[in-house]
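Okay, here's what each chain looks like letter by letter:
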Amino acid sequence: MTNKKRPSVYLTRKLPDLVETRMRELFDAELNIEDAPRTKTELVAAMQTVDVLVPTVTDRITAEMIDQAGPQLKLIAGFSNGTDHIDVDAAARKGITVTNTPNVLTEDSADMTMALVLAVPRRLVEGTRVLANGSDEWGGWSPTWMLGRRLSGKRIGIVGMGRIGTAVARRAKAFGLSIHYHNRKRVNPATEAELEATYWDSLDQMLARVDIVSVNCPSTPATYHLISARHLALMQPTSYIVNTARGDIIDEAAMIQCLRDGKIAGAGLDVFENEPVVNPKLIKLAKEGKVVLLPHMSSATIEGRIDMGDKVIINIRAFYDGHRPPNRVLP
Ligand code: DGY
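- Under the annotation held in an unreviewed UniProt entry, the protein carries the name D-glycerate dehydrogenase and is attributed to Agrobacterium bohemicum.
- In UniProt, the protein has this text filed under Sequence similarities (unreviewed entry): "Belongs to the D-isomer specific 2-hydroxyacid dehydrogenase family."

Encoded structure:
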């Protein structure tokens, strides 16, 4: 790549300093120092002049925008694991390669999923809130106060047993939960044996039997509202749901209704249907202690973001060296 013209690379958001420095060394990189999310008009304008677009999950790269891109745009090197925000089909039609940053977020995302699996039934945030303004509100230890639900011995049902789902299962097993999962296909026998996992072909049947549901599948047209009102109604009133994948996999309005009606016991959510807007009814439920809400931060570690940046760089370099980028996303 050194002898050739440096590709122009447009970063839609501020990335870690280390990543930006490296990008500037290697490419003709345009940074977004202020980190203000780019408007659609700004993105379309960039797509008409730059060789490589580096979007994040906050940029929706639609077919309409891709159709307006100039012929010089050859690569959309996503700074993300998920690619639901990029119309990969439209990019393929236009001969634009799309890449993402898989694998490097797996452990961080699984850690945060497990943190929610622990936090909701054990009322971690409610407890913290009691002491947040000093200890005056606390009357001291009581045998019947702030009781949560035991995790050990319970069943977790993982929806989507890919890399992150499997990493969640490993953690959950270590906490004494038995592993159940629903996936398009069974995982390999060695993984199933290691996790002592039970495969449920029927999502309905699994939801009716588990104590905690963890959503870990990607957002695709096929998984939109995969957990519908009908599915939520199958869950036990003592059960919890955790979602660190994408908000639109659960019918959020139906989930809120179930939480309000006591049809499910609680939820731990890192993702929402309409990010960054969070339904005020969820905020109210959080104040009531029924849900724990996080602002889409399950993969937010310093190490993870640097690893993501490295992957973006590797993909761009491979592409401009004439190789197939290692993380090419196919339609
Ligand atoms: C991703 O990259 O898909 C994550 O959701 C960001 O946290």
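So much for the structure itself; the text now carries on.
1. Overview of the pairing of strand S10 (residues 240-243)
Turning to step 1, where the next piece is worked out: Alternating positions in S10 separate into two faces, Tyr240 and Val242 on one and Ile241 and Asn243 on the other, with burial throughout.
Turning to step 2, where the next piece is worked out: Direction of pairing for strand S9 (residues 212-215) relative to S10: parallel, over a ladder of four bridges. Bridging from a neighbouring strand, Val215 pairs with Asn243 of S10.
Turning to step 3, where the next piece is worked out: With helix H10 (residues 229-234) bridging S9 and the parallel S10, this β-α-β connection has right-handed handedness.
Turning to step 4, where the next piece is worked out: Handedness of the crossover joining S10 and strand S11 (residues 266-269) through helix H11 (residues 252-260): right-handed.

2. Describing the site of the ligand
Turning to step 1, where the next piece is worked out: Every residue near the ligand is listed here: Val57, Ser80, Asn81, Gly82, Leu105 and Ser299.
Turning to step 2, where the next piece is worked out: Counted by class, the shell around the ligand contains two nonpolar, four polar and no charged residues.

3. Observations concerning the UniProt feature "domain: D-isomer specific 2-hydroxyacid dehydrogenase NAD-binding" (unreviewed entry) in the protein
Turning to step 1, where the next piece is worked out: The feature "domain: D-isomer specific 2-hydroxyacid dehydrogenase NAD-binding" (unreviewed entry), as annotated in UniProt, sits at residues 114-298 in this numbering.
Turning to step 2, where the next piece is worked out: Secondary structure content for residues 114-298 is 35% helix and 15% strand, while the C-alpha to C-alpha distance between its ends is 10 Å.

Rules behind the numbers
- Residues numbered from 1 in each chain as written.
- Predicted model: local features only at pLDDT ≥ 70, side-chain atom pairs only at ≥ 80, totals over all residues.
- UniProt positions renumbered as here; feature names shortened; annotations may be inferred.
- Buried ≥ 20, exposed ≤ 12 C-beta atoms within 10 Å, placed from the backbone.
- Helix = DSSP H or I, 4+ residues; strand = E, 2+ residues; numbered from the N terminus.
- Pairing = 2+ DSSP bridges.
- Right-handed = clockwise from strand over helix to strand, strands pointing away.
- Near = placed C-beta within 6 Å.
- Nonpolar A, V, L, I, M, F, W, Y, C, P; charged D, E, K, R; others polar.

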